[in-house]
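# Observations on the model geometry
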Amino acid sequence: MFDFLNPDNLMNFFVAAILAGTPLLFGTLGEILTEKSGNLNLGVQGMMFMGALGGFAGAYYYEQMAAQPVAVISVLIAVICAFLTAAFGAFLYSVLTISMRANQNVTGLALTIFGTGFANFFGEAISFAAGGYAAVSSETKTIFNTGIPGLADIPIIGKILFSYNFLVYFAILTAIILAWFLNRSRAGLNLRAVGESPATADAAGINVTRYKYLATVIGGGICGLGGLYIVMNSSNGVGGVWTFNLISYQGWIAVALVIFATWSPARALWGSLIFGALSVMRLYIPLGIPAQIYDMFPYIATIAVIIGVSMRRRRENHPPDSLGIAYFREER
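Residues numbered from 1 in each chain as written. Predicted model: local features only at pLDDT ≥ 70, side-chain atom pairs only at ≥ 80, totals over all residues. Heavy atoms only, no water.

## Concerning the overall build of the chain
- Scanning the chain for helices and strands turns up 13 helices and zero strands.
- When its helices and strands are written in sequence order, the chain yields α-α-α-α-α-α-α-α-α-α-α-α-α.
- A globule of 332 residues ought to have a C-alpha radius of gyration of about 20 Å, and the chain, at 20 Å, matches this closely.
- In terms of principal-axis extent, the alpha carbons of the chain reach across some 60 × 50 × 40 Å.
- Counting over 332 residues, the chain shows a buried share of 49%. (Helix = DSSP H or I, 4+ residues; strand = E, 2+ residues; numbered from the N terminus. Rg over C-alpha atoms; globule rule 2.2 N^0.38 Å. Buried < 20%, exposed > 50% of the residue type's maximum accessible area, 1.4 Å probe, protein only.)

## Here we look at the packing of helix H7 (residues 166-184) against helix H8 (residues 186-196)
- Close contact between H7 and H8 brings their axes to 5 Å; oriented N to C, the two are set at 75°. As judged from the angle between their axes, H7 and H8 are roughly perpendicular. Contacts from Phe181, Leu182, Asn183 and Arg184 in H7 reach Arg186, Ala187, Gly188, Leu189, Leu191 and Arg192 in H8.
- In terms of residue class, the contact of H7 with H8 is made up of five nonpolar, two polar and three charged. (Axes fitted to C-alpha atoms, helices over the stretch in contact; angles between N-to-C directions. Parallel < 35°, antiparallel > 145°, perpendicular 65-115°, else oblique. Contact = heavy atoms within 4.5 Å. Nonpolar A, V, L, I, M, F, W, Y, C, P; charged D, E, K, R; others polar.)

## Some remarks on the packing of aromatic side chains
- Applying the stated criterion to the full structure yields 13 aromatic pairs.
- With a centroid separation of 6.1 Å and an interplanar angle of 45°, the aromatic rings of Phe56 and Trp242 are classed as tilted. With a gap of 186 residues between them, Phe56 in helix H2 (residues 44-65) and Trp242 in the loop between helix H10 (208-232) and helix H11 (250-260) connect regions that are remote in the sequence.
- The class for Trp242 is buried, based on a relative accessible area of 4%.
- Considering the side-chain rings of Phe91 and Tyr213, the 6.2 Å spacing of their centres and the 50° angle between planes classify their relative orientation as tilted. A residue pair is termed long-range when its members are at least 10 positions apart, and Phe91 in helix H3 (residues 71-99) and Tyr213 in helix H10 qualify at 122 residues. (Phe/Tyr/Trp six-rings, centres within 6.5 Å; stacked < 30°, edge-to-face > 60°.)

## So, the nonpolar core
- In terms of nonpolar packing, the biggest core is built from 59 residues, with Phe56, Leu228, Val231, Met232 and Trp242 touching the most fellow members.
- Those elements that place two or more of their residues in this core are helix H1 (7-36), H2, H3, helix H4 (104-129), H7, H10 and H11.
- Those residues within four positions of Trp242 in sequence are excluded, and the remaining contacts are Phe49, Ala52, Leu53, Phe56, Ala119, Asn120, Gly123, Glu124, Ser127, Ala134 and Val231.
- By size, the runner-up hydrophobic cluster in this structure holds 17 residues, among which are Leu24, Ala277, Met281 and Ile285. (Core = buried A, V, L, I, M, F, W, Y, C linked by side-chain atoms within 4.5 Å.)

## Description of the environment of Thr22
- In this structure, Thr22 sits in helix H1.
- Given a relative accessible area of 3%, Thr22 falls into the buried group.
- Along the chain, Thr22 and Phe128 lie 106 residues apart, while their C-alpha atoms are 30 Å from each other.
- Excluding anything up to four places from it in sequence, Thr22 contacts Leu167, Val168, Ala171 and Tyr229.

## Topic: a nonpolar patch on the surface
- On the surface, Leu151, Ile154, Ile156, Ile157 and Leu161 cluster together to form a nonpolar patch covering roughly 430 Å² of accessible area.
- Relative to the elements of secondary structure, Leu151 occurs in the loop between helix H5 (138-144) and helix H6 (157-161).
- Judged by its relative accessible area of 36%, Leu151 falls in the partly exposed class. (Patch = residues over 30% accessible without salt bridge, like charges linked within 9 Å, V, L, I, M, F, W, Y side chains within 5 Å. Areas by Shrake-Rupley, 256 points an atom, 1.4 Å probe, with all protein chains shown as cover. Salt bridge = Lys/Arg side-chain N within 4 Å of Asp/Glu carboxyl O.)

## Structural notes on H7
- The end-to-end C-alpha separation of H7 is 26 Å, in line with the 27 Å expected for 19 residues at 1.5 Å each.
- Listed in full, the buried residues belonging to H7 are Leu167, Val168, Ala171, Thr174, Ala175, Leu178, Ala179 and Leu182. Burial along H7 is one-sided: seen end-on, the buried residues are contained in an arc of 130°. Facing away from the buried side of H7 by more than 90 degrees, the exposed set consists of Trp180 and Arg184.
- Among the residues of H7, the N-terminal cap falls to Asn165, whose side-chain oxygen and the backbone nitrogen of Leu167 are separated by 3.0 Å. (Expected span 1.5 Å × (residues − 1). Arc of directions from axis to C-beta. Polar contact = N/O pair within 3.5 Å; in protein donor to acceptor, adjacent residues only side chain to side chain.)

## Brief notes about H4
- Relative to the 38 Å expected for 26 residues at 1.5 Å per residue, H4 spans 37 Å between its end C-alpha atoms, a close match to the ideal helical length.
- Gln104, Thr107, Gly108, Leu111, Thr112, Gly115, Thr116, Ala119, Asn120, Gly123, Ile126 and Ser127 are the residues of H4 that are buried.
- For H4, the elements touching its buried residues are H2, H3 and H11.
- For H4, the side-chain oxygen to backbone nitrogen distance between the N-cap and Asn105 is 3.0 Å, and the N-cap itself is Asn103.

## Considering the side chain of Gln104
- Mapping Gln104 onto the fold places it in helix H4.
- Of the polar contacts made by the side chain of Gln104, one reaches the side chain of Asn39; its length is 3.4 Å.
- In this structure the side chain of Gln104 is engaged in a polar contact, spanning 2.7 Å, whose partner is the backbone nitrogen of Leu40.
- When sequence neighbours within four positions are dropped, the list of residues in contact with Gln104 reads Gly38, Asn39, Leu40, Tyr93, Thr97, Gly324, Ile325 and Ala326.

This is the structure:
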């Protein structure tokens, strides 16, 4: 039985919630940036898969080809490849929905199917070529799973604040930067204008197509970093090793978390922590109920938030007006 009065239990639960919520935070931030441009990309799951494959393959093949691989370079290659691979998936989505004006819902679902199949196929091919087991070096895995040296050893505070890998801090920094960008910068305000009314933004001289492309592609790349976190972080039990269907349902939870956060990067921080806590609750708070019930908790929370947002009817809690609607400049 979980002892709520035991500080160690509470600390371990809090740390586990942050670790579990980090890939969700990446996916949520990427989708928030995308949706602020008016594009509804339901392919988060596929882009996370592509990011996981790109990052893993980049690090793995670098280590295989280099005579004396350097772990830091391997990590850097993994991050860049994860971002670019997922961004490429988002670029395909952008071409179809922005330039060719295909249905955004159908295209997003197709991207999820494509990205999942693409990653599983080539990931299994890499493992098969390696004799059935492909993994990055232990040094690379250590960097992806180590906190801040020295500070992480401080009693209590060190574990709560400094025991996480660099991707956790990068996700938090990304949320802060994105919140500032959307609310304080001219480019961010232009992007929000594109999402609310592309015709008005176009009339004001804003390049709607450019903003939509950049937001969607960069947002896709951010989602890919969530996939990289999952494949490299040992908290999922398979750190640095490719396993079939390793993303599970994380991408879909990230899509739901966008609604939970009401399209706010700042609220996405708290939302990812809550969803992360709900994801690991069965490991730390046994209630004697089936595991499937635990898995339902994040979705039940999302339904409750959607109902609450609908009842409050506050303008800032609603999605951009043009979300999911193709822009035809001729009809301006």
